[in-house]
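# Descriptive structure summary
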Amino acid sequence: MNDLKKGKLVSALLIAWSALYMVVVVASFLQDSKWIQMGVSIPGYLLVVFGCYSLWNVGIGLATFPECPQALNDLGKEIKAAKDDLSDRRKKCSN
């Protein structure tokens, strides 16, 4: 999903949350204790949901971290060159 689609999704969710919260606030004027309790608990619940979503995204990002085959080949060449250099130095020191 590209950034534009994510942005649209987040904005739609924020608009829906705002509309729901406003309905709850307006309904709380009716002095029904059920609506008041729900209106107070919605922001905390949404904060927990956002935290779970964030942790999920970080976990998926770490699990599918892209590997670089070119960097792996370059590192292998550098290790081989270092081993060759060290073996040449040992021969010079042992003579």
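How each quantity is defined
Residues numbered from 1 in each chain as written. Predicted model: local features only at pLDDT ≥ 70, side-chain atom pairs only at ≥ 80, totals over all residues. Heavy atoms only, no water. Helix = DSSP H or I, 4+ residues; strand = E, 2+ residues; numbered from the N terminus. Buried < 20%, exposed > 50% of the residue type's maximum accessible area, 1.4 Å probe, protein only. Areas by Shrake-Rupley, 256 points an atom, 1.4 Å probe, with all protein chains shown as cover. pLDDT = per-residue confidence, 0-100. Patch = residues over 30% accessible without salt bridge, like charges linked within 9 Å, V, L, I, M, F, W, Y side chains within 5 Å. Salt bridge = Lys/Arg side-chain N within 4 Å of Asp/Glu carboxyl O.

### Thoughts on the overall build of the protein
Per the secondary structure count, the protein includes three helices and zero strands. Traced from its N-terminal end to its C-terminal end, the protein shows the element sequence α-α-α. The burial tally for the protein puts 5% of its 95 residues in the buried class. Carbon together with sulfur atoms contributes 70% to the accessible area of the protein, which is approximately 8,600 Å² in total.

### Remarks on the confidence of the model for the protein
Within the protein, residue pLDDT values average 77, and 77% of them lie at 70 or more. The element-level mean pLDDT for the protein is lowest in helix α1 (residues 3–28), coming to 76, with helix α3 (residues 69–94) highest at 82.

### Regarding a nonpolar patch on the surface
Among the surface-exposed residues, Val10, Leu14, Trp17, Tyr45, Leu46 and Val49 lie close enough to one another that they form a single nonpolar patch of about 540 Å² accessible area. Counting residues per element, the ones that place at least two in the nonpolar patch are α1 and α2 (33–63). On the accessibility criterion, tyrosine 45 (57% relative accessible area) is exposed.

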